[in-house]
Amino acid sequence: MERTLLANPGTTAHCPARARKRSDSQPAGLEHMGQPTEDHPGSGASTMPASALPRTGSDSVLLKVPVPLGSIADSLRASDGQLHAKAPTKPPRTSSLMLPDASGCPPTYCELVPRVPRVQGTPAGHSCPEPEAPWWEAEEEDGCFARPQAEVSFCPPDNPFCLLGSQNRPLETEVLHTLHGLFLEHHPGSTALHLLLVDCQATGLLGVTKAQRGAMGVASGLELLTLPHGHRLRLELLERLETLALAGALAVLGCAGPLEERAAALRGLVELALALRPGAAGDLPGLAAVMGALLMPQVSRLERTWRQLRRSHTEAALAFEQELKPLMRALDEGAGPCDPGEVALPHVAPAVRLLEGEELPGPLDESCERLLRTLHRARLLARDAPRFREAAARRLRGFRPHPELREALTTGFLRRLLWGSQGAGAPWATRLEKFQRVLTVLSQRLEPDH
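The structure displayed is predicted, hence computed values, not measured ones. (Residues numbered from 1 in each chain as written. Predicted model: local features only at pLDDT ≥ 70, side-chain atom pairs only at ≥ 80, totals over all residues. Heavy atoms only, no water.)

Asks: Help me get a handle on the overall build of the protein chain, residues and values and all.
Replies: Secondary structure assignment for the protein chain yields 18 helices and zero strands. Restricting to contacts in the protein chain with at least 6 residues of sequence separation, those with at least 24 account for 74%. In the form shown here, the protein chain has an accessible surface area of approximately 25800 Å², with 56% of it arising from carbon and sulfur atoms. (Helix = DSSP H or I, 4+ residues; strand = E, 2+ residues; numbered from the N terminus. Contact = heavy atoms within 4.5 Å. Areas by Shrake-Rupley, 256 points an atom, 1.4 Å probe, with all protein chains shown as cover.)

Listed below in C-alpha coordinates is the structure:
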(Lines give C-alpha, C1' and ligand atoms only; values in the text may rest on other atoms or scores of the structure.)
Protein backbone atom coordinates (compact mmCIF):
# COMPACT_ATOMS: atom_id res chain seq x y z
CA MET A 1 0.00 0.00 0.00
CA GLU A 2 2.78 2.44 0.88
CA ARG A 3 4.59 1.67 -2.36
CA THR A 4 1.45 2.32 -4.35
CA LEU A 5 0.91 5.72 -2.77
CA LEU A 6 4.52 6.70 -3.22
CA ALA A 7 4.43 5.65 -6.85
CA ASN A 8 1.38 7.88 -7.50
CA PRO A 9 1.92 11.00 -5.44
CA GLY A 10 -0.46 13.12 -7.58
CA THR A 11 -3.49 10.94 -6.98
CA THR A 12 -5.90 12.00 -4.25
CA ALA A 13 -8.88 10.10 -2.90
CA HIS A 14 -12.09 12.05 -3.44
CA CYS A 15 -15.77 11.49 -4.24
CA PRO A 16 -16.83 12.16 -7.86
CA ALA A 17 -18.60 15.46 -8.33
CA ARG A 18 -22.32 15.18 -9.01
CA ALA A 19 -23.62 16.76 -12.19
CA ARG A 20 -26.78 17.94 -10.57
CA LYS A 21 -28.54 21.26 -10.79
CA ARG A 22 -30.93 22.28 -8.05
CA SER A 23 -34.08 24.06 -9.15
CA ASP A 24 -34.36 27.65 -8.07
CA SER A 25 -36.96 28.24 -5.39
CA GLN A 26 -37.26 31.95 -6.18
CA PRO A 27 -40.16 33.24 -8.37
CA ALA A 28 -37.68 34.28 -11.06
CA GLY A 29 -36.67 30.66 -11.50
CA LEU A 30 -40.20 29.57 -12.48
CA GLU A 31 -39.54 30.44 -16.10
CA HIS A 32 -36.81 27.75 -16.27
CA MET A 33 -39.04 24.97 -14.95
CA GLY A 34 -39.23 22.00 -17.27
CA GLN A 35 -36.24 23.04 -19.43
CA PRO A 36 -33.22 20.69 -19.90
CA THR A 37 -30.15 21.51 -17.79
CA GLU A 38 -26.62 21.94 -19.10
CA ASP A 39 -23.91 21.10 -16.62
CA HIS A 40 -20.16 21.45 -17.19
CA PRO A 41 -18.39 19.12 -14.79
CA GLY A 42 -14.77 19.81 -14.02
CA SER A 43 -11.75 17.62 -14.76
CA GLY A 44 -12.04 14.13 -13.36
CA ALA A 45 -15.76 14.58 -12.49
CA SER A 46 -18.31 11.95 -13.39
CA THR A 47 -21.93 12.53 -14.38
CA MET A 48 -25.03 10.81 -13.11
CA PRO A 49 -28.57 10.91 -14.57
CA ALA A 50 -30.79 13.48 -12.81
CA SER A 51 -33.58 10.95 -12.30
CA ALA A 52 -31.23 8.71 -10.30
CA LEU A 53 -30.40 11.40 -7.76
CA PRO A 54 -32.09 11.29 -4.37
CA ARG A 55 -34.83 13.88 -4.00
CA THR A 56 -34.48 16.46 -1.21
CA GLY A 57 -37.31 18.39 0.37
CA SER A 58 -36.20 21.76 -1.01
CA ASP A 59 -36.59 20.74 -4.67
CA SER A 60 -39.45 22.61 -6.28
CA VAL A 61 -39.72 20.49 -9.43
CA LEU A 62 -38.29 17.07 -10.21
CA LEU A 63 -36.94 17.02 -13.75
CA LYS A 64 -37.93 13.97 -15.75
CA VAL A 65 -35.13 12.59 -17.97
CA PRO A 66 -35.52 9.21 -19.71
CA VAL A 67 -33.17 6.65 -18.13
CA PRO A 68 -32.36 3.13 -19.47
CA LEU A 69 -33.76 0.29 -17.47
CA GLY A 70 -30.28 -1.08 -16.87
CA SER A 71 -29.13 2.02 -15.06
CA ILE A 72 -32.23 1.90 -12.85
CA ALA A 73 -31.43 -1.68 -11.92
CA ASP A 74 -27.80 -0.75 -11.20
CA SER A 75 -28.91 2.13 -8.99
CA LEU A 76 -31.01 -0.24 -6.90
CA ARG A 77 -28.13 -2.72 -6.37
CA ALA A 78 -26.41 -2.51 -2.98
CA SER A 79 -22.68 -1.81 -3.21
CA ASP A 80 -20.18 -1.27 -0.36
CA GLY A 81 -23.03 -1.23 2.15
CA GLN A 82 -24.81 1.71 0.41
CA LEU A 83 -28.16 1.66 -1.31
CA HIS A 84 -28.56 4.12 -4.18
CA ALA A 85 -32.32 4.13 -4.60
CA LYS A 86 -34.29 6.34 -6.96
CA ALA A 87 -36.57 8.69 -5.07
CA PRO A 88 -40.26 8.26 -5.90
CA THR A 89 -41.57 10.79 -8.36
CA LYS A 90 -43.66 13.51 -6.73
CA PRO A 91 -46.08 15.80 -8.52
CA PRO A 92 -44.52 19.14 -9.42
CA ARG A 93 -45.18 21.99 -7.08
CA THR A 94 -45.74 25.45 -8.46
CA SER A 95 -46.51 28.84 -7.06
CA SER A 96 -50.08 29.49 -6.00
CA LEU A 97 -50.21 32.30 -8.55
CA MET A 98 -51.75 31.72 -11.96
CA LEU A 99 -48.96 30.85 -14.36
CA PRO A 100 -49.39 31.45 -18.10
CA ASP A 101 -48.99 28.46 -20.28
CA ALA A 102 -45.69 28.09 -22.14
CA SER A 103 -47.60 28.26 -25.42
CA GLY A 104 -48.70 31.82 -24.66
CA CYS A 105 -52.40 30.95 -24.20
CA PRO A 106 -53.58 32.53 -20.93
CA PRO A 107 -55.45 30.40 -18.42
CA THR A 108 -59.22 30.57 -18.33
CA TYR A 109 -60.95 32.89 -15.87
CA CYS A 110 -62.54 30.15 -13.78
CA GLU A 111 -59.36 28.12 -13.34
CA LEU A 112 -58.81 27.50 -9.65
CA VAL A 113 -55.84 25.11 -10.00
CA PRO A 114 -52.88 26.76 -11.78
CA ARG A 115 -51.48 25.07 -14.85
CA VAL A 116 -47.98 23.63 -15.04
CA PRO A 117 -46.06 25.21 -17.92
CA ARG A 118 -45.29 22.87 -20.80
CA VAL A 119 -41.76 21.85 -21.63
CA GLN A 120 -42.23 22.55 -25.32
CA GLY A 121 -44.15 25.56 -26.61
CA THR A 122 -46.64 25.62 -29.43
CA PRO A 123 -44.86 25.42 -32.80
CA ALA A 124 -44.76 28.61 -34.80
CA GLY A 125 -47.65 29.05 -37.20
CA HIS A 126 -50.09 27.10 -35.01
CA SER A 127 -52.91 28.90 -33.21
CA CYS A 128 -53.58 28.60 -29.48
CA PRO A 129 -55.51 25.41 -28.79
CA GLU A 130 -59.07 25.99 -27.63
CA PRO A 131 -59.27 25.57 -23.83
CA GLU A 132 -62.27 23.96 -22.28
CA ALA A 133 -65.12 26.45 -22.53
CA PRO A 134 -65.94 28.02 -19.16
CA TRP A 135 -69.44 27.40 -17.96
CA TRP A 136 -70.46 31.03 -18.47
CA GLU A 137 -69.11 31.16 -22.04
CA ALA A 138 -70.70 27.98 -23.31
CA GLU A 139 -72.48 29.94 -26.06
CA GLU A 140 -69.48 32.05 -27.03
CA GLU A 141 -67.40 31.31 -30.12
CA ASP A 142 -64.14 32.38 -28.47
CA GLY A 143 -63.52 30.34 -25.31
CA CYS A 144 -60.50 32.38 -24.13
CA PHE A 145 -61.00 34.75 -21.21
CA ALA A 146 -61.55 38.40 -22.13
CA ARG A 147 -60.00 40.85 -19.70
CA PRO A 148 -62.59 43.27 -18.25
CA GLN A 149 -62.48 46.67 -19.93
CA ALA A 150 -64.86 48.83 -17.88
CA GLU A 151 -67.74 48.75 -15.44
CA VAL A 152 -71.06 47.88 -17.05
CA SER A 153 -74.52 49.28 -16.34
CA PHE A 154 -77.68 47.34 -17.20
CA CYS A 155 -80.05 50.20 -16.42
CA PRO A 156 -81.21 51.74 -19.69
CA PRO A 157 -80.76 55.49 -20.09
CA ASP A 158 -83.61 57.73 -19.05
CA ASN A 159 -85.27 57.90 -22.43
CA PRO A 160 -88.64 59.66 -22.76
CA PHE A 161 -91.31 57.71 -20.91
CA CYS A 162 -94.83 57.17 -22.18
CA LEU A 163 -96.40 58.04 -18.81
CA LEU A 164 -94.12 60.98 -18.01
CA GLY A 165 -93.31 64.13 -19.93
CA SER A 166 -89.88 65.55 -20.50
CA GLN A 167 -90.27 67.50 -17.24
CA ASN A 168 -92.36 66.34 -14.29
CA ARG A 169 -92.90 67.16 -10.64
CA PRO A 170 -92.62 64.55 -7.89
CA LEU A 171 -95.70 62.38 -7.30
CA GLU A 172 -97.93 63.90 -9.96
CA THR A 173 -101.55 63.04 -9.13
CA GLU A 174 -102.58 62.20 -12.69
CA VAL A 175 -99.71 59.76 -13.14
CA LEU A 176 -100.45 58.08 -9.80
CA HIS A 177 -104.11 57.54 -10.79
CA THR A 178 -103.02 56.08 -14.13
CA LEU A 179 -100.64 53.67 -12.39
CA HIS A 180 -103.34 52.65 -9.90
CA GLY A 181 -105.69 51.67 -12.71
CA LEU A 182 -102.87 49.94 -14.58
CA PHE A 183 -102.05 47.68 -11.66
CA LEU A 184 -105.72 46.89 -11.07
CA GLU A 185 -106.02 45.67 -14.66
CA HIS A 186 -103.34 43.01 -14.14
CA HIS A 187 -103.63 40.18 -11.67
CA PRO A 188 -100.70 39.54 -9.29
CA GLY A 189 -99.30 36.71 -11.44
CA SER A 190 -99.02 38.95 -14.51
CA THR A 191 -97.49 41.78 -12.49
CA ALA A 192 -94.97 39.32 -11.04
CA LEU A 193 -93.86 38.28 -14.53
CA HIS A 194 -93.47 41.92 -15.55
CA LEU A 195 -91.34 42.52 -12.46
CA LEU A 196 -89.29 39.37 -13.14
CA LEU A 197 -88.54 40.54 -16.68
CA VAL A 198 -87.40 44.00 -15.56
CA ASP A 199 -85.38 42.58 -12.64
CA CYS A 200 -83.60 40.11 -14.93
CA GLN A 201 -82.62 42.96 -17.23
CA ALA A 202 -81.51 45.19 -14.33
CA THR A 203 -79.40 42.36 -12.86
CA GLY A 204 -77.86 41.42 -16.19
CA LEU A 205 -79.25 37.89 -16.24
CA LEU A 206 -81.14 38.29 -19.52
CA GLY A 207 -80.63 40.59 -22.48
CA VAL A 208 -76.85 40.92 -22.08
CA THR A 209 -75.22 41.93 -25.36
CA LYS A 210 -71.94 40.56 -26.67
CA ALA A 211 -70.33 43.97 -26.21
CA GLN A 212 -71.36 43.99 -22.55
CA ARG A 213 -69.98 40.49 -22.04
CA GLY A 214 -66.70 41.55 -23.57
CA ALA A 215 -66.52 44.68 -21.42
CA MET A 216 -67.20 42.95 -18.11
CA GLY A 217 -65.29 39.73 -18.82
CA VAL A 218 -68.13 37.43 -17.71
CA ALA A 219 -71.47 36.41 -19.15
CA SER A 220 -74.01 37.75 -16.64
CA GLY A 221 -74.48 40.20 -13.82
CA LEU A 222 -74.71 37.42 -11.23
CA GLU A 223 -71.00 36.86 -11.76
CA LEU A 224 -70.15 40.53 -12.22
CA LEU A 225 -71.64 41.62 -8.89
CA THR A 226 -69.18 39.36 -7.03
CA LEU A 227 -66.13 40.92 -8.74
CA PRO A 228 -64.25 44.14 -7.93
CA HIS A 229 -65.32 45.85 -11.15
CA GLY A 230 -68.98 45.14 -10.33
CA HIS A 231 -69.17 48.11 -7.94
CA ARG A 232 -71.45 50.12 -10.21
CA LEU A 233 -73.85 47.20 -10.67
CA ARG A 234 -74.03 46.61 -6.92
CA LEU A 235 -74.96 50.25 -6.30
CA GLU A 236 -77.63 50.11 -9.00
CA LEU A 237 -79.16 46.97 -7.50
CA LEU A 238 -79.27 48.49 -4.03
CA GLU A 239 -80.91 51.64 -5.37
CA ARG A 240 -83.46 49.59 -7.30
CA LEU A 241 -84.34 47.52 -4.23
CA GLU A 242 -84.89 50.60 -2.07
CA THR A 243 -86.77 52.49 -4.80
CA LEU A 244 -89.20 49.63 -5.36
CA ALA A 245 -89.76 49.38 -1.60
CA LEU A 246 -90.48 53.11 -1.38
CA ALA A 247 -92.95 52.88 -4.25
CA GLY A 248 -94.72 49.95 -2.60
CA ALA A 249 -95.00 51.82 0.69
CA LEU A 250 -96.37 54.83 -1.18
CA ALA A 251 -99.11 52.60 -2.65
CA VAL A 252 -100.39 52.06 0.91
CA LEU A 253 -99.61 55.40 2.54
CA GLY A 254 -100.97 57.35 -0.42
CA CYS A 255 -104.48 56.00 0.16
CA ALA A 256 -106.16 58.87 1.97
CA GLY A 257 -109.65 57.37 1.61
CA PRO A 258 -111.47 54.83 3.79
CA LEU A 259 -109.69 52.29 5.98
CA GLU A 260 -110.77 49.42 3.73
CA GLU A 261 -108.93 51.02 0.80
CA ARG A 262 -105.63 50.87 2.67
CA ALA A 263 -106.33 47.28 3.75
CA ALA A 264 -106.99 46.37 0.11
CA ALA A 265 -103.66 47.94 -0.84
CA LEU A 266 -101.94 45.79 1.81
CA ARG A 267 -103.67 42.71 0.45
CA GLY A 268 -102.50 43.55 -3.08
CA LEU A 269 -98.87 43.73 -1.92
CA VAL A 270 -99.18 40.44 -0.03
CA GLU A 271 -100.66 38.71 -3.09
CA LEU A 272 -97.88 40.12 -5.27
CA ALA A 273 -95.29 38.79 -2.79
CA LEU A 274 -96.91 35.35 -2.94
CA ALA A 275 -96.74 35.46 -6.75
CA LEU A 276 -93.03 36.32 -6.58
CA ARG A 277 -91.98 33.65 -4.07
CA PRO A 278 -89.99 30.50 -4.94
CA GLY A 279 -92.02 28.00 -6.88
CA ALA A 280 -94.09 30.76 -8.52
CA ALA A 281 -92.34 33.51 -10.50
CA GLY A 282 -89.21 32.94 -8.40
CA ASP A 283 -88.15 36.61 -8.45
CA LEU A 284 -86.47 36.96 -5.06
CA PRO A 285 -85.19 40.55 -5.54
CA GLY A 286 -88.76 41.58 -6.37
CA LEU A 287 -90.00 39.66 -3.33
CA ALA A 288 -87.44 41.45 -1.14
CA ALA A 289 -88.62 44.84 -2.43
CA VAL A 290 -92.32 44.10 -1.76
CA MET A 291 -91.55 42.73 1.69
CA GLY A 292 -89.39 45.79 2.34
CA ALA A 293 -92.46 47.94 1.68
CA LEU A 294 -94.69 45.87 3.98
CA LEU A 295 -92.09 45.83 6.77
CA MET A 296 -91.19 49.51 6.49
CA PRO A 297 -91.73 51.28 9.85
CA GLN A 298 -94.10 53.81 8.32
CA VAL A 299 -96.35 50.95 7.12
CA SER A 300 -95.97 48.45 9.93
CA ARG A 301 -97.05 51.04 12.52
CA LEU A 302 -100.55 51.33 10.98
CA GLU A 303 -102.31 49.19 13.60
CA ARG A 304 -105.87 49.89 12.48
CA THR A 305 -105.00 49.11 8.87
CA TRP A 306 -103.40 45.76 9.74
CA ARG A 307 -106.35 44.93 12.01
CA GLN A 308 -108.69 45.56 9.11
CA LEU A 309 -106.57 43.32 6.90
CA ARG A 310 -106.87 40.44 9.38
CA ARG A 311 -110.62 41.00 9.60
CA SER A 312 -111.40 41.41 5.90
CA HIS A 313 -108.61 39.41 4.23
CA THR A 314 -107.72 36.70 6.70
CA GLU A 315 -105.92 34.42 4.23
CA ALA A 316 -103.61 37.18 3.07
CA ALA A 317 -102.85 38.18 6.66
CA LEU A 318 -102.02 34.57 7.63
CA ALA A 319 -99.83 34.09 4.56
CA PHE A 320 -97.90 37.23 5.42
CA GLU A 321 -97.30 36.24 9.05
CA GLN A 322 -96.74 32.50 8.69
CA GLU A 323 -95.08 32.17 5.29
CA LEU A 324 -93.66 35.39 3.90
CA LYS A 325 -92.01 36.84 7.01
CA PRO A 326 -90.11 33.63 7.94
CA LEU A 327 -89.09 33.17 4.30
CA MET A 328 -87.71 36.71 4.06
CA ARG A 329 -85.88 36.36 7.36
CA ALA A 330 -84.15 33.19 6.14
CA LEU A 331 -83.20 34.78 2.81
CA ASP A 332 -81.68 37.82 4.52
CA GLU A 333 -79.59 35.53 6.74
CA GLY A 334 -78.06 33.74 3.74
CA ALA A 335 -80.31 30.70 4.00
CA GLY A 336 -83.64 29.85 2.42
CA PRO A 337 -84.41 28.30 -0.96
CA CYS A 338 -82.01 29.05 -3.80
CA ASP A 339 -82.39 26.13 -6.19
CA PRO A 340 -82.46 27.26 -9.84
CA GLY A 341 -85.42 24.98 -10.41
CA GLU A 342 -87.76 26.90 -8.11
CA VAL A 343 -85.93 30.25 -8.21
CA ALA A 344 -85.46 32.22 -11.42
CA LEU A 345 -83.59 35.20 -9.96
CA PRO A 346 -81.83 34.70 -6.59
CA HIS A 347 -81.71 37.05 -3.63
CA VAL A 348 -78.51 39.05 -4.14
CA ALA A 349 -79.03 41.87 -1.63
CA PRO A 350 -77.12 40.25 1.31
CA ALA A 351 -74.02 39.61 -0.80
CA VAL A 352 -74.22 43.04 -2.45
CA ARG A 353 -74.45 44.83 0.90
CA LEU A 354 -71.60 42.78 2.29
CA LEU A 355 -69.35 43.48 -0.69
CA GLU A 356 -70.14 47.19 -0.39
CA GLY A 357 -68.83 47.23 3.19
CA GLU A 358 -72.03 47.19 5.24
CA GLU A 359 -71.66 45.56 8.63
CA LEU A 360 -73.82 42.62 9.60
CA PRO A 361 -76.18 43.15 12.54
CA GLY A 362 -76.39 40.91 15.58
CA PRO A 363 -73.89 39.38 18.03
CA LEU A 364 -70.37 38.65 16.85
CA ASP A 365 -70.68 34.86 16.78
CA GLU A 366 -73.94 35.01 14.83
CA SER A 367 -72.63 37.64 12.43
CA CYS A 368 -69.57 35.49 11.64
CA GLU A 369 -71.76 32.52 10.76
CA ARG A 370 -73.98 34.76 8.69
CA LEU A 371 -70.94 36.18 6.92
CA LEU A 372 -69.76 32.71 5.92
CA ARG A 373 -73.22 31.70 4.72
CA THR A 374 -73.56 34.87 2.66
CA LEU A 375 -70.17 34.44 0.98
CA HIS A 376 -70.88 30.79 0.28
CA ARG A 377 -74.25 31.71 -1.20
CA ALA A 378 -72.62 34.38 -3.41
CA ARG A 379 -70.19 31.79 -4.77
CA LEU A 380 -73.07 29.44 -5.57
CA LEU A 381 -74.99 32.24 -7.32
CA ALA A 382 -72.05 32.97 -9.62
CA ARG A 383 -71.48 29.28 -10.29
CA ASP A 384 -75.13 28.56 -11.11
CA ALA A 385 -75.70 31.68 -13.23
CA PRO A 386 -76.37 29.66 -16.43
CA ARG A 387 -78.99 27.58 -14.63
CA PHE A 388 -80.73 30.68 -13.31
CA ARG A 389 -80.70 32.09 -16.84
CA GLU A 390 -82.41 28.97 -18.14
CA ALA A 391 -84.99 29.02 -15.33
CA ALA A 392 -85.84 32.69 -15.98
CA ALA A 393 -86.09 32.18 -19.74
CA ARG A 394 -88.34 29.17 -19.17
CA ARG A 395 -90.75 31.21 -17.03
CA LEU A 396 -90.82 34.10 -19.51
CA ARG A 397 -91.20 31.93 -22.62
CA GLY A 398 -94.23 33.16 -24.56
CA PHE A 399 -94.80 36.10 -22.22
CA ARG A 400 -95.86 39.37 -23.87
CA PRO A 401 -95.40 42.30 -21.46
CA HIS A 402 -97.62 45.34 -21.37
CA PRO A 403 -95.42 48.27 -22.52
CA GLU A 404 -96.67 50.79 -19.96
CA LEU A 405 -96.59 48.38 -17.03
CA ARG A 406 -93.11 47.26 -17.94
CA GLU A 407 -92.00 50.90 -18.12
CA ALA A 408 -93.59 51.67 -14.75
CA LEU A 409 -91.42 49.02 -13.05
CA THR A 410 -88.05 50.28 -14.35
CA THR A 411 -85.67 52.08 -12.02
CA GLY A 412 -85.46 55.18 -14.20
CA PHE A 413 -89.23 55.65 -14.28
CA LEU A 414 -89.62 55.19 -10.52
CA ARG A 415 -86.78 57.64 -9.90
CA ARG A 416 -88.53 60.29 -11.99
CA LEU A 417 -91.91 59.50 -10.43
CA LEU A 418 -90.80 59.79 -6.80
CA TRP A 419 -88.35 62.71 -7.04
CA GLY A 420 -89.27 64.53 -10.24
CA SER A 421 -87.10 65.30 -13.24
CA GLN A 422 -84.92 67.72 -11.27
CA GLY A 423 -84.60 65.80 -8.02
CA ALA A 424 -83.78 62.53 -9.81
CA GLY A 425 -80.23 63.73 -10.35
CA ALA A 426 -79.51 64.31 -6.66
CA PRO A 427 -77.29 61.88 -4.72
CA TRP A 428 -79.00 58.69 -3.69
CA ALA A 429 -78.54 59.19 0.05
CA THR A 430 -80.12 62.64 -0.13
CA ARG A 431 -83.09 61.40 -2.14
CA LEU A 432 -83.66 58.48 0.24
CA GLU A 433 -83.59 60.66 3.34
CA LYS A 434 -86.07 63.19 1.92
CA PHE A 435 -88.54 60.57 0.76
CA GLN A 436 -88.39 58.76 4.08
CA ARG A 437 -89.51 62.00 5.72
CA VAL A 438 -92.38 62.26 3.23
CA LEU A 439 -93.55 58.74 4.08
CA THR A 440 -93.31 59.50 7.79
CA VAL A 441 -95.58 62.54 7.38
CA LEU A 442 -98.11 60.51 5.35
CA SER A 443 -98.14 57.74 7.95
CA GLN A 444 -98.74 60.17 10.79
CA ARG A 445 -101.64 61.78 8.91
CA LEU A 446 -103.32 58.41 8.41
CA GLU A 447 -102.96 57.22 12.00
CA PRO A 448 -101.60 59.88 14.35
CA ASP A 449 -99.85 58.86 17.53
CA HIS A 450 -101.97 59.20 20.64
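Asks: Describe the confidence of the model for the protein chain, naming the residues involved and giving the relevant values.
Replies: Mean pLDDT over the protein chain: 77, with 67% of residues reaching 70 or higher. Confidence over residues 1-86 falls short of pLDDT 50; this stretch has 66 contacts with residues more than four positions distant or in other chains. (pLDDT = per-residue confidence, 0-100.)

Asks: Please provide a residue-by-residue account of unusual backbone geometry, values included.
Replies: Of note, the phi angle at Leu 171 is positive, near 55°, even though the residue is not glycine. You can see Leu 171 is positioned in the loop between helix H2 (69-75) and helix H3 (173-185).

Asks: Give a detailed account of the nonpolar core, specifying residues and quantitative values.
Replies: Grouped together as the largest cluster of nonpolar side chains are 89 residues, with contacts concentrated most on Leu 287, Leu 294 and Phe 413. For this core, the element with the highest residue contribution is helix H7 (residues 231-253), accounting for 11 residues. (Core = buried A, V, L, I, M, F, W, Y, C linked by side-chain atoms within 4.5 Å. Buried < 20%, exposed > 50% of the residue type's maximum accessible area, 1.4 Å probe, protein only.)

Asks: Give me the packing of helix H9 (residues 284-294) against helix H12 (residues 314-332): which residues, what numbers.
Replies: Between H9 and H12, whose axes approach to 11 Å, the crossing angle comes to 115°. When the axes of H9 and H12 are compared, the crossing they make is left-handed. Contacts from Leu 284, Leu 287, Ala 288, Met 291 and Leu 294 in H9 reach Phe 320, Leu 324, Lys 325, Leu 327, Met 328 and Leu 331 in H12. (Axes fitted to C-alpha atoms, helices over the stretch in contact; angles between N-to-C directions. Left-handed = near helix turned anticlockwise from the far one by under 90°.)

Asks: Summarise H12; cite the residues concerned and give the values.
Replies: In a regular helix each residue adds 1.5 Å, so 19 residues correspond to 27 Å; H12 covers 26 Å between its end C-alpha atoms and thus fits that length. Of all the bends found along H12, the most pronounced is centred on Phe 320 and spans about 40°. Here H12 has its buried residues at Ala 316, Ala 317, Ala 319, Phe 320, Leu 324, Leu 327, Met 328 and Leu 331. Immediately downstream of H12, the backbone of Gly 334 shows phi near 85°, a positive value. (Expected span 1.5 Å × (residues − 1). Bend = angle between axes of the 7 residues up to and from the residue.)

Asks: Summarise the packing of helix H4 (residues 188-203) against helix H8 (residues 259-276); cite the residues concerned and give the values.
Replies: Contact geometry for H4 and H8: axes closest at 8 Å, N-to-C directions at 60°. The orientation of H4 relative to H8 falls into the category oblique. Viewed along their axes, H4 and H8 form a crossing whose handedness is right-handed. Across the interface between the two elements, Pro 188, Gly 189, Thr 191, Ala 192 and Leu 195 of H4 pack against Glu 271, Leu 272, Ala 275 and Leu 276 of H8. A class-by-class count of the residues in the contact of H4 with H8 yields six nonpolar, two polar and one charged. (Parallel < 35°, antiparallel > 145°, perpendicular 65-115°, else oblique. Nonpolar A, V, L, I, M, F, W, Y, C, P; charged D, E, K, R; others polar.)

Asks: Requested: an account of a positive patch on the surface, with residues and values cited.
Replies: On the surface, Arg 304, Arg 307, Arg 310 and Arg 311 cluster together into a patch of positive charge. Mapped onto the elements of the fold, Arg 307 is located in helix H11 (residues 303-312). (Patch = residues over 30% accessible without salt bridge, like charges linked within 9 Å, V, L, I, M, F, W, Y side chains within 5 Å. Salt bridge = Lys/Arg side-chain N within 4 Å of Asp/Glu carboxyl O. Lys, Arg positive; Asp, Glu negative; His and termini not counted. Charge placed at Lys NZ, Arg CZ, Asp CG, Glu CD.)

Asks: How would you sum up H9? Please name residues and give values.
Replies: Of all 11 residues making up H9, 10 are buried, and the element is well covered by its neighbours. Buried within H9 are the following residues: Leu 284, Pro 285, Gly 286, Leu 287, Ala 288, Ala 289, Val 290, Met 291, Ala 293 and Leu 294. Where H9 is buried, its residues touch H4, H7, H8, helix H10 (297-300), H11 and H12. Put simply, Asp 283 is the residue that caps the front of H9, since its side-chain oxygen is 3.2 Å from the backbone nitrogen of Gly 286. (Polar contact = N/O pair within 3.5 Å; in protein donor to acceptor, adjacent residues only side chain to side chain.)

Asks: Explain the environment of Ser 153 to me, and be specific about the residues and the numbers.
Replies: Inspection of the secondary structure puts Ser 153 in the loop between H2 and H3. In the structure, Ser 153 is positioned 83 residues away from Glu 236 in sequence and 8.0 Å away in space, judged by C-alpha atoms. Residues in contact with Ser 153, not counting those within four places in the same chain, are Gln 212, Arg 232 and Glu 236. A distance of 2.6 Å separates polar atoms of two side chains, one belonging to Ser 153 and the other to Glu 236.

Asks: Lay out the side chain of Thr 305 in plain terms, naming residues and giving numbers.
Replies: One can find Thr 305 in helix H11. For Thr 305, a relative accessible area of 1% translates into the label buried. Within the local environment of Thr 305, its side chain forms a polar contact with the side chain of Arg 262, the two groups lying 3.2 Å apart. Residues within four places of Thr 305 in sequence aside, it is in contact with Leu 259, Arg 262, Ala 263, Leu 266 and Glu 447.

Asks: Before we move on, can you summarise the packing of aromatic side chains with the specific residues and values?
Replies: Considering all chains together, one arrives at four aromatic pairs under this definition. Here Phe 161 and Phe 413 contribute two aromatic rings whose centre-to-centre distance is 5.7 Å and whose plane-to-plane angle is 80°, an arrangement assigned as edge-to-face. One end of the pair, Phe 161, is in the loop between H2 and H3; the other, Phe 413, is in helix H17 (residues 411-423), with 252 residues separating them in the sequence. Across the pair, exposure class does not vary: Phe 161 and Phe 413 are buried alike. Taken together, a centroid distance of 5.9 Å and an interplanar angle of 80° make the contact between Trp 419 and Trp 428 edge-to-face. Exposure remark for Trp 419: the relative accessible area of 9% places this residue in the buried category. (Phe/Tyr/Trp six-rings, centres within 6.5 Å; stacked < 30°, edge-to-face > 60°.)

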